[in-house]
Amino acid sequence: MASAIHHHKAVQYAQQLETARCSGNWTGIAELARKLQKHDSKRVCVTRTAVAEASLEGLLAGSMYQGIESSERIGSKKIAGRGVEEIIQQLKGAMEESGTETDKHEASIVLAQAYLALGQYPDAARACQHELLLQTPVASLSGYRMVSVMKCYSIYGMAKEGLGEDSVALEVYTRALQHLPVSEKPAAMEVGVMETILYRKALLTERMTQDSEPVIQSFERYRVFVATTCPKTFRLNRRANVYRHYYQYLSAMLQQEYAKDEEADSELVQSRAAASPVSETFHSPLGPPAPVQQPAVNGNGVGNGVSPHLVLNEVVAGGDSNGLAISHGTGTYPPTTSAAVPVVHHITPPTPTTSHLPPSRPGIKRKTTVAAQQIYSRLILLSPTYEDLLHKTTAFPRAGYTNTALLSYLDLLCSNWVLHSRSVEEAEAIVEVLYRATGKTFQSVRVLRWLRVMLERLGRWEEGARAVEAYVDLVEKGLERHPDVVAMGLGRVDTAAGGDVGEREGEDMDTKEVIVETVADGARMVGKYLRKGKDALTYAEKARMYLEKFVLEGDAALAAKVWRVSGVAHGLWSEQTIESEERTEQQQKAITALQRSLDYEQSAETFFHLSLQLAVTRAIPEAITAVKQALHHDKRLLPAWHLLALLLSARKENEKALRICETAFQLIDDPSSPSCLSYEEKETLVQLKITECALYEAAHGVEAAIERQGELFELCARMSITGPVNVQDVMATESSSPLNPPPRLEVNGSAVVDEDATERASLMSSRRSIRSVLGRKRESRNRLSMSNSPSLMKPSLDIPRPQTAPPKHNEVNELLPLPNQSPSISNVQVHSTYPGEKPSLLETHEKEALERCLLSVWLASAGMFRRAGKFTEAHAAVREARRIQNEDPDALAQLGMIYHEQGEYETACTAFEIATAVDMDHPVANACLARTLLALSHADQPAARDRAEGLLDVVTKLRGWDIPEAWFDLAEIYEQLEEHEEAESCLWYCVELETTRPVRRWESVMPTWV
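Every chain begins its residue count from 1, and numbering advances along the sequence as written. Totals for whole chains, interfaces and linings use all residues, but because this is a predicted model, local features are given only for residues with pLDDT of at least 70 and pairs of side-chain atoms are given and counted only at 80 or more. Hydrogens and water molecules were not included; the side-chain quantities draw on all heavy atoms of the structure.

Asks: What should I look at first to understand the overall build of the protein in this one?
Replies: Numbered from the N terminus, helices here are DSSP runs of H or I no shorter than four residues, and strands are runs of E no shorter than two. A tally of helices and strands in the protein yields 40 helices and four strands. Out of the 1010 residues belonging to the protein, those deemed buried represent 55%. Here, two residues are considered to be in contact whenever any of their heavy atoms come within 4.5 Å of each other. Across the protein, the fraction of contacts at a sequence separation of at least 24, relative to all contacts at a separation of at least 6, is 75%. Think of it in three bands: with a 1.4 Å probe and only protein chains considered, a residue is buried below 20% of the maximum accessible area for its type, exposed above 50%, and partly exposed in between.

Asks: Would you mind going over the pattern of salt bridges with me for this structure?
Replies: Note on pairing: side chains with opposite charge can pair once their charged atoms come close. Basic side-chain nitrogens of Lys or Arg form a salt bridge, by our definition, when they fall within 4 Å of a carboxyl oxygen of Asp or Glu. As enumerated under the stated definition, the model contains 48 salt bridges in all. The closest approach of N and O atoms between Lys 689 and Glu 692, which form a salt bridge, is 3.9 Å. Of this pair, Lys 689 and Glu 692 both sit in helix H27 (residues 679-700), three residues apart, which is roughly one turn of that helix. A relative accessible area of 1% means that Lys 689 is categorised as buried. In this structure, the salt-bridge partner of Arg 1001 is Glu 1003, at a minimum N-O distance of 4.0 Å. One network of salt bridges, in which partners are shared, links Glu 161, Asp 166, Arg 200 and Arg 207.

Asks: Quick question: what am I supposed to make of the side chain of Thr 617 here?
Replies: Tracing the backbone through its elements, the reader meets Thr 617 in the loop between helix H23 (604-616) and helix H24 (620-633). We classify Thr 617 as buried; its relative accessible area is 1%.

Asks: I tried to follow unusual backbone geometry on my own but got confused; where do I start?
Replies: Comment: phi is negative for the bulk of residues other than glycine, and the bulk of peptide bonds are trans. Residue Met 1006 is joined to Pro 1007 through a cis peptide bond whose omega torsion reads -5°. By secondary structure assignment, the location of Pro 1007 is in the segment after helix H40 (980-995). For Arg 618, which is not a glycine, the phi torsion comes out positive at approximately 70°.

Asks: I'm lost on a negative patch on the surface in this one. Help?
Replies: The grouping of Glu 425, Glu 428, Glu 432, Glu 843 and Glu 846 at the surface amounts to a negative patch. Contributions of two or more residues to the negative patch are made by helix H15 (424-437) and helix H33 (841-867). Sort the elements by how many residues they give to the negative patch and H15 lands first, with three residues. The topology assignment puts Glu 432 in helix H15. Residue classification places Glu 432 among the partly exposed positions, given a relative accessible area of 42%. Patch definition: residues with relative accessible area over 30% and no salt bridge; like charges joined within 9 Å; nonpolar side chains (Val, Leu, Ile, Met, Phe, Trp, Tyr) joined within 5 Å. To measure how exposed things are, a 1.4 Å probe is used in the Shrake-Rupley method; for residues, cover is taken only from the protein chains shown. Residues scored as positive are Lys and Arg, those scored as negative are Asp and Glu, and His as well as the terminal groups of each chain are ignored. Note on charges: their place is set at NZ of Lys, CZ of Arg, CG of Asp or CD of Glu.

Asks: What exactly am I supposed to notice about the confidence of the model for the protein here?
Replies: Predicted coordinates in regions of low pLDDT should not be interpreted in detail. Per residue, pLDDT captures the predictor's confidence, and it can take any value from 0 to 100. Within the protein, residue pLDDT values average 76, and 70% of them lie at 70 or more. Confidence, expressed as mean pLDDT per element, reaches its minimum in the protein at helix H32 (residues 770-775) with 30 and its maximum at H23 with 96. Scored below 50 in pLDDT, residues 318-365 shows 112 contacts in the model against residues more than four places distant or in partner chains. This stretch, residues 486-506, has a pLDDT under 50; its non-local contacts, to residues over four places away or in other chains, come to 60 contacts.

Asks: How should helix H34 (residues 871-884) be read in this particular structure?
Replies: Each α-helix turn comprises 3.6 residues. Residues three or four places apart therefore point the same way. The end-to-end C-alpha distance of H34, which contains 14 residues, comes to 20 Å, matching closely the 20 Å that a straight helix rising 1.5 Å per residue would cover. Taken across its 14 residues, H34 has 13 buried, putting it largely inside the fold. Take the number of residues in a helix, subtract one, and multiply by 1.5 Å to get its expected span.

Asks: How should I be thinking about the packing of helix H8 (residues 166-179) against helix H9 (residues 188-208) in this particular structure?
Replies: Orientation is described by lines fitted to C-alpha atoms, with helices fitted over the stretch in contact, and by angles between N-to-C directions that extend from 0 to 180 degrees. Where H8 meets H9, the closest approach of the two axes is 9 Å, and the angle between their N-to-C directions is 135°. Classed by the angle they form, the pair H8 and H9 counts as oblique. The crossing of H8 and H9 is left-handed. Of the residues in H9, those in contact with Asp 166, Ser 167, Ala 169, Leu 170, Tyr 173, Thr 174, Ala 176 and Leu 177 of H8 are Met 194, Ile 197, Leu 198, Arg 200, Lys 201, Leu 204, Thr 205, Arg 207 and Met 208. Polar here means any residue other than Ala, Val, Leu, Ile, Met, Phe, Trp, Tyr, Cys and Pro, which are nonpolar, and Asp, Glu, Lys and Arg, which are charged; Gly is therefore polar. Residues that form the contact of H8 with H9 fall into these classes: ten nonpolar, three polar and four charged. Angular relationships are summarised with four words: roughly parallel below 35 degrees, roughly antiparallel beyond 145, roughly perpendicular across 65 to 115, and oblique for the angles in between. By definition, any crossing whose near helix is turned counterclockwise from its far helix by less than a right angle is left-handed, and any crossing with a clockwise turn is right-handed.

Asks: What's the story with H40 in this structure? I'm lost.
Replies: An ideal rise of 1.5 Å per residue puts 22 Å on 16 residues; H40 measures up with 22 Å between its terminal C-alpha atoms. Listed in full, the buried residues belonging to H40 are Ala 983, Cys 986, Cys 990, Glu 992 and Leu 993. Packing partners of the buried residues in H40 comprise helix H39 (964-976).

Asks: I'm lost on the packing of aromatic side chains in this one. Help?
Replies: How two aromatic rings sit relative to each other is given by the distance of their centres and the angle of their planes. Side-chain rings of Phe, Tyr and Trp, where Trp is taken by its six-membered ring, are said to pair if the distance between their centres is within 6.5 Å; with planes under 30 degrees apart they count as stacked, over 60 as edge-to-face, and otherwise as tilted. Under the definition given, this model contains twelve aromatic pairs. Both rings, one in Tyr 199 and one in Tyr 222, keep their centres 6.2 Å apart while their planes meet at 55°; by these two values the pair is tilted. Placement of Tyr 199 in helix H9 and of Tyr 222 in helix H10 (residues 212-228) is noted, with a sequence separation of 23 residues between them. Residue Tyr 199 shares its accessibility class with Tyr 222, and that shared class is buried.

Asks: Can you walk me through the state of the cysteines in this structure?
Replies: Disulfides are covalent bonds that link the sulfur atoms of two cysteine residues. Disulfides are defined as cysteine sulfur pairs within 2.5 Å. For the coordinates displayed, the defined rule picks out zero disulfides. Here Cys 693 stays unpaired: no disulfide links it, and the sulfur of Cys 661, its closest cysteine neighbor, is 9.6 Å away.

Structure representation (structure tokens):
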């Protein structure tokens, strides 16, 4: 009876001991082993093995290194010592005690685990070899026996890794996964061992296998296993390490995919260029054009499929300068040094490529393959979990250390976005990731660098400017503390926080190349989007300083970029400075910097900016040479075509300029659906279209231009440019159609209605219906071209001369308050027609840009009607413009010019006064106000003349320095004051400006920063 009881208790304690070992409950092992040995003296091997295993697991758990990278280690020297040696002796003694063969096999596996912990890989492999030779059938395994066999595979594989036999280890792991299925409800030790096998196999497969498919399968199997089987907090360091390897592997695949596609595209383009006869026309712009057959031209003068390069050589050949010396009318300014000036007309055009935009540029259009999309989708799937693991496994770095694991992830996350996506939605999510990362990093320049990139994409430019400022501040402080270390771009590692092993100590800092490029990009963002010339110039100068300090002039692409940014920044500041001498100096510095950029690398962007600066300084032949080079490098650079058209108009070659515009519109990807273009491209096309209208008016007269101005609105409709006024509905309205309520202008609380039904009806009847334009069959599908007469901002023909006999006042509704009502900007209100939730900043910028397009079209239309003497239609067009933006200074200035030509000088003065209240330095409003003051007939003529002189003096020193009419009126005032020398100087400068003036101002070329 007693022996039966003992046997029953022995079986019970044996089961409990096995359950404890399977579940990893090591604290109760010693007591269960004592009770089992008490009731069954033949199980001494099992009990001693279990006690030794519990002690070994306790040592391993206490000494396990917590770093992410360290979790790849096979064994750890830190636990070597008397404790493990004693356990080994205990296990050897247990194997000599009584027990079954299975008990001794299990003891040998625990012994192998102890050897592995000490790094004694040969002993560990030998201890496991006997069990592997048994090849026990999988179906017969259960409980701790299953765990023991799984541990045997795991230990043997890791021992072979330690011996450098990676291929054997990989075979062992593969075999284990094939023959050892996981039960439906696995025990903790079973889960742990299986996780180890999957973990080691994933890392080893990545290291040894060239094919990506088995590597991804190994990573995916591990990811699915830990997500569905393991507890949420189970071995987070190793899990994070697998995600790190997986994320890096997929990122490398994505980069290779794009590199492969770019190489294939480059080879294809080169082969086509070599086979194409058009490639023969890539010759020096100053040389004779290649003999080509006259291209077929349709009835409207638009070429059918004509090569842009043929048009360039045919239209502009033979008119270029032989150098880049810049004539300013008052003297010739040669280049500063011969080394800084490339000979533009001897530059050989590059081989055509598929992309001409730098990879860091937000507006780039990349070719996306199916493989790249699949890879990126996997990266998107991994990102949230990987970020969460990093935040759980890393701590805020100690002083002087860096959370490298998290920063490396941010680099990959953002680089992949730049390479593949660039979507706004993902940029918003990445910004949140970057802000969360600040809780695990300390003043990281990498976080600030990527924050600027994302904020620029989101249109949060003010916030991005603060990121640039903070970035530069950190770089400056780093240079002060550790100039040598920072210049090398080294990063110190906090190994406890999971940093990469082997990285040298130092502060977290970008490489010197990245520092220079980031500061240059910051200067571009501040200048292009915020139009802060002084800040842009400051950052550009810092980028140049870093370029010289870090001795990076050997990097041609980087040096060219820095000098290009510097040149454009100088040009922007020259537009905004109030000192005339400084303006000239900044213009010359801009040209010199752009020429230095061409010394390092020739690009379409640099040639375009150089041409624009040369145009501003009235060096028209040299500017044409430069812009031709820009188009030879990138024929799809629409702002360069626009600039070339203006340059030709400055030489009074309007027909040639019209053909350039027509060629530019042929370059749209899909002329049938231009609505897919970005808002910047739409704005560029609209401005080009308005310029074409101005050219058509200059060549054929204002009446002919009015007949064709419907194409302006057609273009807006086709590009889905809509705002508070629907263009198609307005243009299609018949004279008898009911009118919508007009917008209201509120000044000092008094509201004035500015609508007249008969005027609107007259406007509608004077134009062709947009529906009829869209409905008729066009003679040429590519014909989007035709521009209106000079726009509001073009000074020629737009500032009216005083009339000796003012016409009789027309009966029109008053648009403006009486002259004795001083305008108050705070009381000017525009009633929004865009209800709904608050849009994002990017949506706001896009809406504003498209409204500017529509506004420019209506003002161009108003200008044409005004010059044609059709004042009723001109008033109606201005009202449509003010429906978009009621207090727009351009619209108010145009309205004032209409009243001026009608002889309503006092009302015109009121319009100009309100325009200058909105924009104090508005050049056209101030110049026209001065001219209107001179036209008034009242007793206080000297006072009006004095005020006009003050206005013109300010205009000619600020943004209106290039308006000839302002200089002419100022000369007339000086003549009246008998200051003949000043009058003569003004008249000569007026002549210089007039002889080189285009049909529109140079700033109409958009964007001015490409």
